[in-house]
Amino acid sequence: MSADVTSTAQDDAAASSGGGSGAADRSEDGGRPGAGGRSAGGGRGVDEAQPYGLPGKPLARGPFLFGLVGGLGVLTAIALAQMVVASLSTIILVVVAMFLAVGLNPAVEALQRRGLGRRWAISLVFAGVIVAFALFGLAVVPPLSQQVADFVAAVPGYVTELSRHPTLRRLDAEYQILPQLASFITGTLGPSLASGVVGAGLVVLDGVFTTVTLLVLMLYFLGSLHTIKAYLLRLVPASRRERTGAIAEEILSGIGGYVAGNVLISVIAGVVSWIFLSVLGVRYALALALVVALTDLIPLVGATIGAVLVSAVVALQSLPMGLACAIFFVVYQQVENYLIYPRVMKRSVDVTPAVTVIAALFGGALLGIVGALLAIPVAAAISLIIREVVLPRQAQS
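Residues numbered from 1 in each chain as written. Predicted model: local features only at pLDDT ≥ 70, side-chain atom pairs only at ≥ 80, totals over all residues. Heavy atoms only, no water.

## Looking at the overall build of the protein chain
Then, number 1: Each helix and strand counted, the protein chain has 13 helices and zero strands in total.
Then, number 2: In the protein chain, the succession of helices and strands from N to C terminus is α-α-α-α-α-α-α-α-α-α-α-α-α.
Then, number 3: Relative to its 397 residues, the protein chain shows a buried fraction of 23%.
Then, number 4: Just so you have it, the protein chain exposes about 26800 Å², and 70% of that area is on carbon and sulfur atoms. (Helix = DSSP H or I, 4+ residues; strand = E, 2+ residues; numbered from the N terminus. Buried < 20%, exposed > 50% of the residue type's maximum accessible area, 1.4 Å probe, protein only. Areas by Shrake-Rupley, 256 points an atom, 1.4 Å probe, with all protein chains shown as cover.)

## Some details on the UniProt feature "transmembrane region" (unreviewed entry) in the protein chain
Then, number 1: Sites flagged by UniProt as "transmembrane region" (unreviewed entry) map to residues 64-85, 91-108, 120-141, 197-222, 251-276, 282-301, 308-333 and 353-386.
Then, number 2: Regarding residues 251-276, the helix share stands at 100% and the strand share at 0%, and the terminal C-alpha atoms are separated by 38 Å.
Then, number 3: Taken as a whole, residues 282-301 contains 55% helix and 0% strand, while its terminal C-alpha atoms sit 24 Å from one another. (UniProt positions renumbered as here; feature names shortened; annotations may be inferred.)

## Re the pattern of salt bridges
Then, number 1: This model, assessed by the stated rule, comprises one salt bridge.
Then, number 2: The partner of Lys229 in a salt bridge is Glu249, and the shortest N-O contact between them spans 2.9 Å. Residue Lys229 is located in helix α8 (residues 225-234), and its partner Glu249 is located in helix α9 (residues 241-280); the two are separated by 20 residues in the primary sequence.
Then, number 3: Given the relative accessible area of 40%, Glu249 is considered partly exposed. (Salt bridge = Lys/Arg side-chain N within 4 Å of Asp/Glu carboxyl O.)

## Details of the nonpolar core
Then, number 1: Residues Leu277, Val310, Val314 and Phe329 are the most contacted members of the largest nonpolar core, which totals 29 residues.
Then, number 2: Secondary structure elements with two or more residues in this core: α4 (88-113), α9, α10 (285-295), α11 (302-317), α12 (319-345) and α13 (353-396).
Then, number 3: When residues in this core are grouped by element, the largest group, eight residues, is from α9.
Then, number 4: Once residues within four sequence positions are removed from consideration, Val310 is found in contact with Leu277, Leu288, Val291, Val292 and Phe329.
Then, number 5: Among the nonpolar cores identified, the runner-up in size contains 16 residues, and Ala97, Ala101, Val108 and Val129 belong to it. (Core = buried A, V, L, I, M, F, W, Y, C linked by side-chain atoms within 4.5 Å. Contact = heavy atoms within 4.5 Å.)

## Some words on unusual backbone geometry
Then, number 1: Its identity is not glycine, yet Tyr284 carries a phi of approximately 55°, on the positive side.
Then, number 2: Since its relative accessible area comes to 28%, Tyr284 is described here as partly exposed.

## Quick notes on a nonpolar patch on the surface
Then, number 1: A contiguous nonpolar surface patch, about 780 Å² in accessible area, is contributed by Phe64, Leu65, Leu68, Val69, Leu72, Val74, Leu75 and Ile78.
Then, number 2: Along the chain, the position of Leu75 falls in helix α3 (residues 63-86). (Patch = residues over 30% accessible without salt bridge, like charges linked within 9 Å, V, L, I, M, F, W, Y side chains within 5 Å.)

## Here's the deal with the side chain of Ser266
Then, number 1: Among the secondary structure elements, Ser266 is positioned in helix α9.
Then, number 2: Engagement of the side chain of Ser266 in a polar contact is seen with the backbone oxygen of Asn262, the distance being 3.0 Å.
Then, number 3: Each residue touching Ser266, except ones within four places of it in the same chain, is listed here: Ala293, Asp296 and Leu297. (Polar contact = N/O pair within 3.5 Å; in protein donor to acceptor, adjacent residues only side chain to side chain.)

Quick look at the structure:
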């Protein structure tokens, strides 16, 4: 009797525990929206959480969807490429301003080492740049405007001499050359010259605006150079930040040394040319020397372009003086290429001559003069990255 009572009590306990677990399971299933179709509240929780029904399966990645996504990607790439092409001039302007700011930074840091604050050092360097631009304008613009005015004033005399020439008078009597020439000047040449003058004025205004924009951007970049470097280094993983910062400082030092060295070489070329032209008695010697200094900034071909231009201008004044200028520039370029340039650049840009020539050619083909100016420091930076990053990894693998 007692055994039956005990068995009945165990069965009741098992049933009770089983019912409890089933209730728990029902509670868990009912508590999840969509698990059992209803919640503990009789289904109202499902309706409130999913008022538009249960979400279905994801869309199958069929060929149509794949082609659609691929087409959108191609259109996006084309749009980005068109945006880059449309804003290429602005991009070049920003890159050149950043390049000049990095190049002027060593001068700012040199003034800082002498006890000046960074703001005062930047102000002095920027004032020096403004003075250089002003001197160039004062040296080149007055002689050019004077020569144009002299030519315009001499045109009536040329016309009078031509009208008095016997051969021209005979041809004019037979073929009416002078009336046709007058109608051509008043009907075709005059409007063309007027439109050309307007176009030249617009080009001058655009050049002035570009120069001012370049100077302003350069000033901003020079003032916030350390902030820009610190921000870009924060994008690098912390484990590689120290090494990346050291390599970046080496690259920036190389760019600064290249700019400073190139400017120094151009100043030497301009000063030597000014002394020679002054001794030779050439008119507008200072303006021509500034042309030599400015073109000497262009790698490879800049010195030759300046020599040809100045020799041609001097030859218009006197043929023997033009020949003497040509001989002088040929001799000076040999001295610059084999004595001045290697000594100035040996500590700034560690690039072999062959790589220098190839980089300048590619840069000039891609972006013209700006590309040729940027190509050599970019090649130096790539060479440094290969030497410090790629080659050690290849040696460890």
